[in-house]
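Residue-level listing of the chains:
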Amino acid sequence: MNDDDFKYAEFIFQAMKQKPRNLASTVAEFTYGFHKSENFYPPLNYDHIFKYLEKIDLIKIQYNSEGRGKPQVLELTETGISVQSVAERAQQINFEKYNQQKKEEKNQEFIRDQSEYYKRQNWLLKHWYLPITLAALMGAFI
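Let me begin by describing the structure that accompanies this report. It should be emphasised that the depicted structure is a prediction, and the values quoted were computed from it without experimental measurement.

Conventions we followed
Residues take numbers from 1 onward in each chain, read along the sequence in its written order. Owing to the predicted nature of the model, reporting of local features is limited to residues with pLDDT of at least 70; listing and counting of side-chain atom pairs is limited to 80 or more, with chain, interface and lining totals taken over all residues. Each side-chain value is worked out from all heavy atoms of the structure, with water and hydrogens disregarded. The helix and strand labels rest on DSSP assignments: H or I over at least four residues marks a helix, E over at least two residues marks a strand, and numbering proceeds from the N terminus. What the globule rule says is 2.2 Å times the number of residues to the power 0.38, and the radius of gyration is computed from C-alpha atoms. Working definition: rings of Phe, Tyr and Trp (its six-membered ring) pair if their centres are within 6.5 Å, and the pair is stacked with planes under 30 degrees apart, edge-to-face with planes over 60 apart, and tilted otherwise. Exposure classes here rest on a 1.4 Å probe applied to the protein chains alone. A residue is buried below 20% of its type maximum, exposed above 50%, and partly exposed in between. Polar contacts, as counted here, are pairs of nitrogen or oxygen atoms within 3.5 Å of one another; within protein the pair requires one atom able to donate a hydrogen and one able to accept it, and residues that are adjacent in sequence qualify only if both atoms are side-chain atoms. Here, the term nonpolar core denotes a set of buried Ala, Val, Leu, Ile, Met, Phe, Trp, Tyr and Cys residues that are joined through side-chain atoms within 4.5 Å. Working rule for contacts: check all heavy atoms of both residues, and any pair within 4.5 Å makes them a contact. Should a side-chain nitrogen of Lys or Arg be within 4 Å of a carboxyl oxygen of Asp or Glu, the pair is scored as a salt bridge. Between any two strands, pairing holds if DSSP finds at least two bridges. In this analysis, axes come from line fits to C-alpha atoms, helices being fitted only over the stretch in contact, and the angle between any two N-to-C directions falls in the range 0 to 180 degrees.

Turning to the overall build of the protein chain, a few remarks are in order. Along the backbone of the protein chain there are six helices and three strands. Along the protein chain, helices and strands appear, N-terminal first, in the series α-β-α-α-β-β-α-α-α. The globule rule puts the C-alpha radius of gyration for 142 residues at 14 Å, and the 30 Å found for the protein chain is more than 25% above it. Projecting the C-alpha coordinates of the protein chain onto the three principal axes gives extents of approximately 95 × 35 × 25 Å.

Here it is in structure tokens:
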């Protein structure tokens, strides 16, 4: 998707905020008619924009079971109702990915630390007499 598609996604989302359940053709027609005076191209097909909005969990799409399987009815999700714009939802998704990545990094670090700890514990179990012998020798010399 290019920048113009993101602008249309924002227009479609704002149109859906006014009427949470609507026909896909009505939303596309309203969006095109309302913003045709702008300086960006009108998309020939809105399906990829609808799929993008569905992918980021802003709308639900009900498809037409007959024919080519085009989107027929669009409905806002609970997430779509709670956010104000597409950019805000994209920012939330990026923040969630960032938090998940940080959790994974901390978990991997914890696993490495635990592994090192258990390696040392196993070495001491196998060779427990070495530190005691060394301590006894040091005590005898002092």
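Moving on, we get to the packing of aromatic side chains. Counted by the stated rule, this structure contains six aromatic pairs. Between F6 and Y52, the aromatic rings sit 5.4 Å apart at their centres with planes inclined by 85 degrees, giving edge-to-face as the arrangement. Here the residue F6 occupies a position in helix α1 (residues 3-18), and Y52 occupies one in helix α3 (residues 47-55), the gap between them amounting to 46 residues. Relative to Y46, the ring of Y8 lies with its centre 5.9 Å away and its plane at 75 degrees, an arrangement referred to as edge-to-face. One end of the pair, Y8, is in helix α1; the other, Y46, is in the loop between α2 (24-35) and α3, with 38 residues separating them in the sequence. The exposure class of Y8 is buried, given its relative accessible area of 1%. Members of the aromatic cluster, each reached through a chain of ring pairs, are Y8, F11, Y46 and F50.

The next point concerns the side chain of T79. Position of T79 relative to the elements: it lies in helix α4 (residues 78-82). A distance of 3.2 Å separates the side chain of T79 from the side chain of D57, its partner in a polar contact.

Formed by 23 residues in total, the largest nonpolar core has its most connected members in I12, F50, L53 and L74. Listed by contribution, the elements that provide at least two residues to this core are α1, α2, α3, β2 (59-63), β3 (71-76) and α5 (86-126). It is α1 that contributes the most residues to this core, six residues altogether. With residues up to four places along the chain from it excluded, the contact list for L74 reads M16, P20, R21, N22, A24, V27, F50, I59, K60 and I61.

Take the pattern of salt bridges next. Applying the stated criterion across every chain yields a total of four salt bridges. Its salt-bridge partner being E75, residue R21 comes within 2.9 Å of it at the nearest N-O pair. With a gap of 54 residues between them, R21 in strand β1 (residues 21-23) and E75 in strand β3 connect regions that are remote in the sequence. For E105, the salt bridge is made with K102, and the minimal N-O distance between the two is 3.6 Å. Within this pair, E105 and its partner K102 are both found in helix α5, separated by three residues, close to a single helical turn. Accessibility expressed as a relative area gives 39% for E105, which makes it partly exposed.

Once that is clear, we can look at the sheet that holds β2. Within the open sheet, the three strands sit side by side as β1-β3-β2. Their pairing is antiparallel. Sheet topology places β1 and β2 at the edges, where each strand pairs with a single neighbour. Here the strands of the sheet are splayed against their neighbours by 20 degrees on average, with no regard to which way each runs. Looking at chain direction, β2 and β3 are connected through five bridges and run antiparallel. Paired with K60 across the bridge in β3 is E75. Against the sheet, α3 contacts β2 and β3, and its axis sits at roughly 130 degrees relative to β2.

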